[in-house]
Amino acid sequence: MRAMYLANYFIAGCIASSLLGWVASLHPMSFRAITFLVAAGAVAWVMCWLMDYSLSQLLKIPVPHLQALLVSSLVMMLIGLGVFVCT
């Protein structure tokens, strides 16, 4: 995987998570829905780390590329969580 693609996915993920944080600040019901989405994403992220070797075979990508995607998704979730908490 090229670093350019990883950077593009990172920027798109940061924009999406920031947008979700902003939407969550608009209404209490959307806050609950976004909280559920963040929790489901965190559970999926942990499961991907636990099954990284089998998942990399399923996706047909090397394990270091999958781990790079998982690390960048953690940073995206942290940026989105910061927007989520601060708004």
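Before any of the text, the structure's been laid out above.
Presented here is a report on the structure given in the accompanying data block. Since the structure is predicted, the reported quantities are computational estimates derived from the model, not experimental observations.

Quick notes on the rules
In this numbering scheme, every chain counts its residues from 1 along its sequence in written order. Totals for whole chains, interfaces and linings use all residues, but because this is a predicted model, local features are given only for residues with pLDDT of at least 70 and pairs of side-chain atoms are given and counted only at 80 or more. Where side-chain values are given, they derive from all heavy atoms of the structure, hydrogens and water being excluded. By definition, any uninterrupted DSSP run of H or I lasting at least four residues is a helix, any uninterrupted run of E lasting at least two residues is a strand, and each is numbered from the N terminus. Only protein chains enter the area calculation, which uses a 1.4 Å probe; residues under 20% of their type maximum are buried, those over 50% are exposed, and those in between are partly exposed. In what follows, a contact means two residues having at least one pair of non-hydrogen atoms within 4.5 Å. What sets the accessible areas is the Shrake-Rupley method with a 1.4 Å probe; for residues, cover comes only from the shown protein chains. Each helix should span, by expectation, one fewer than its residue count multiplied by 1.5 Å. Candidate patch residues must exceed 30% relative accessible area and have no salt bridge, after which like charges are joined if within 9 Å and Val, Leu, Ile, Met, Phe, Trp or Tyr side chains if within 5 Å. The salt bridge criterion pairs a side-chain nitrogen of Lys or Arg with a carboxyl oxygen of Asp or Glu, the two atoms within 4 Å. Think of it as the arc spanned by the lines of direction from the helix axis to the C-beta atoms.

## A word on the overall build of the chain
Check the secondary structure of the chain and you find 4 helices and 0 strands. Scanning the chain from its N terminus toward the C terminus, one meets helices and strands in the order α-α-α-α. Dimensions along the principal axes, computed over C-alpha positions, put the chain at roughly 40 × 25 × 15 Å. For the chain, the residues scored as buried account for 22% of the 87 residues in total. Across the chain, every contact between residues at least 6 apart in sequence was considered, and the portion connecting residues at least 24 apart equals 63%. Put simply, the chain shows about 6000 Å² of open surface, and 79% of that area lies on carbon and sulfur atoms.

## Examining the environment of Tyr 9
Residue position: Tyr 9 is located in helix α1 (residues 3–24). Residues Tyr 9 and Val 46, spaced 37 residues apart in sequence, show a C-alpha to C-alpha distance of 19 Å. Every residue in contact with Tyr 9, bar those within four places of it in the chain, is listed here: Leu 69 and Met 76.

## A look at helix α2 (residues 28–50)
In this model α2 runs 33 Å from its N-terminal to its C-terminal C-alpha over 23 residues, within 8% of the 33 Å that 1.5 Å per residue would give. Those residues of α2 not exposed but buried are Ser 30, Ile 34 and Trp 45. Where α2 is buried, its residues meet α1 and α4 (63–86).

## Quick word on a nonpolar patch on the surface
A cluster of nonpolar side chains, Val 38, Leu 74, Leu 78, Leu 81 and Val 85, forms an exposed patch at the surface whose accessible area comes to about 410 Å². Here Leu 78 is to be found in helix α4. By relative accessible area, Leu 78 is classed as exposed at 51%.

## Some words on unusual backbone geometry
The phi torsion of most residues other than glycine is negative, and most of the peptide bonds are trans. Even without glycine at this site, Lys 60 takes up a positive phi of about 60 degrees. Assignment of secondary structure puts Lys 60 in the loop between α3 (52–59) and α4.

## Structural notes on the environment of Val 63
Position of Val 63 among the secondary structure elements: in helix α4. Considering only alpha carbons, one finds Val 63 and Asp 52, 11 residues apart in sequence, at a separation of 6.8 Å. Setting aside chain neighbours within four positions, we find Val 63 in contact with Asp 52, Tyr 53 and Ser 56.

## Comments concerning α3
Here α3 has its buried residues at Asp 52, Leu 55 and Ser 56. Projected down its long axis, α3 carries its buried residues within an arc of 100 degrees, all on one side. Structural note: α3 exposes Tyr 53, Gln 57 and Leu 58 on the side pointing more than 90 degrees away from its buried face. The inward-facing, buried residues of α3 contact α2 and α4. Two residues or fewer after α3 comes Lys 60, characterised by a positive phi angle close to 60 degrees.

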